[in-house]
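Observations on chain architecture
One letter stands for each residue in the lines below.
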Amino acid sequence: GQNIDQPTEMTATEGAIVQINCTYQTSGFNGLFWYQQHAGEAPTFLSYNVLDGLEEKGRFSSFLSRSKGYSYLLLKELQMKDSASYLCAVNTDKLIFGTGTRLQVFP
Amino acid sequence: EADIYQTPRYLVIGTGKKITLECSQTMGHDKMYWYQQDPGMELHLIHYSYGVNSTEKGDLSSESTVSRIRTEHFPLTLESARPSHTSQYLCASSDLAGLAQETQYFGPGTRLLVL
């Protein structure tokens, strides 16, 4: 079966660092995506990992360990506008989405 | 910036009506997708297409149908709408182009309410 696990909710303070974890068990793996989705809006692409290691893109970084079936999204210098759901998605022959982690950033 | 459009953005309709949700992309992408998402819940793939004249059912059973007559257009049709169809419908597209990375770009979504 296909299984992707993420925490349901997280809270953090403006200016802080937060790490959102994602574990997966899928039949096939062609890469892992992180998407951001604000309430009532469509998901927008944040990052893609296909090889082990860390990919950094500004305030956001994403890490992948294929042997552990594990990824995390790291958000630095949190801003209020980062309050959103963060979706982990694994590309098999289709994109399998996790349920998303709802992040609330407080002042 | 992705160029993928959905119309209508919001639709309120009575039970039994036939509706078509439109999705168009101007990026020349081969793959297109329809997802269904209830508020605060995960995305469920209901249909996808690899290209013209290709349509496949997704993981979530759906009473809707799709067609792909043109590369840029992937409409979704409900022959007889029911209250259980109330949801947000998201269209997406991606470009194969021989790359491992198939980033999906999403349209703004259609919020459907069936009374």
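Owing to the predicted nature of the structure, the values given are computational and were not obtained by experimental measurement. (Residues numbered from 1 in each chain as written. Chains lettered and ligands numbered in written order. Predicted model: local features only at pLDDT ≥ 70, side-chain atom pairs only at ≥ 80, totals over all residues. Heavy atoms only, no water.)

**Examining the layout of surface pockets**
As a volume, the largest pocket reaches approximately 520 Å³. Lining of the largest pocket is provided by 26 residues; of these, Ser85 of chain A together with Gln37, Pro39, Gly40 and Met41 of chain B occupy positions nearest its centre. In terms of residue count, the dominant contributor to the lining of the largest pocket is strand S9 (residues 84-91) of chain A (three residues). Its residues assigned to classes, the lining of the largest pocket shows six nonpolar, 14 polar and six charged. (1 Å grid on protein atoms, 1.4 Å probe; cavity = no way out; pocket = protein on both sides within 12 Å on 5 of 7 lines; lining within 4 Å. Points joined across faces, edges and corners; volume = space filled by probe spheres on them. Helix = DSSP H or I, 4+ residues; strand = E, 2+ residues; numbered from the N terminus. Nonpolar A, V, L, I, M, F, W, Y, C, P; charged D, E, K, R; others polar.)

**Describing the pattern of salt bridges**
All names here are of chain A. On inspection of all chains with the given rule, the structure shows eight salt bridges over all chains. In this structure, glutamate 9 engages arginine 102 in a salt bridge whose closest nitrogen and oxygen atoms are separated by 3.2 Å. Remark: arginine 102 occurs in strand S11 (residues 101-106) and glutamate 9 occurs in strand S2 (residues 9-13); sequence separation between them is 93 residues. Taking the shortest distance from any N to any O, the salt bridge between aspartate 52 and arginine 66 comes out at 3.0 Å. With a gap of 14 residues between them, aspartate 52 in the loop between strand S5 (44-49) and strand S6 (53-57) and arginine 66 in the loop between strand S7 (60-65) and strand S8 (70-75) connect regions that are remote in the sequence. Look at arginine 66 and you get partly exposed, because its relative accessible area is 41%. (Salt bridge = Lys/Arg side-chain N within 4 Å of Asp/Glu carboxyl O. Buried < 20%, exposed > 50% of the residue type's maximum accessible area, 1.4 Å probe, protein only.)

**Observations regarding the packing of aromatic side chains**
Applying the stated rule across the entire model yields 15 aromatic pairs over all chains. Judged by centre distance (5.0 Å) and plane angle (15 degrees), the ring pair of phenylalanine 63 of chain A and tyrosine 72 of chain A falls under stacked. Feature note: the residues Phe33, Tyr35, Phe45, Tyr48 and Phe97 of chain A together with Tyr33, Tyr35 and Phe106 of chain B constitute an aromatic cluster, connected by ring pairs. Positioned over the ring face of phenylalanine 74 of chain B is arginine 68 of chain B, at 5.8 Å from the centre of the ring. (Phe/Tyr/Trp six-rings, centres within 6.5 Å; stacked < 30°, edge-to-face > 60°. Lys NZ or Arg CZ within 6 Å of the ring centre and 35° of its normal.)

**Considerations on the interface of chain B and chain A**
On the chain A side, the residues contacting the 20 residues of chain B number 19 residues. Between chain B and chain A, a total of about 1500 Å² is buried, with carbon and sulfur atoms accounting for 55% of that surface. A salt bridge links lysine 94 of chain A to aspartate 59 of chain B; the shortest N-O distance between them is 3.8 Å. Put simply, the parts of the chain that give the side of chain B that touches chain A at least two residues each are strand S4 (31-37), strand S5 (44-49) and strand S9 (87-94) of chain B. At three residues, S4 of chain B tops the list of elements feeding residues into the side of chain B that touches chain A. The residue makeup of the side of chain B that touches chain A, split by class, is nine nonpolar, six polar and five charged. (Contact = heavy atoms within 4.5 Å. Buried area = accessible area lost by both parts, 1.4 Å probe.)

By themselves, these are just geometric observations and shouldn't be taken as functional.
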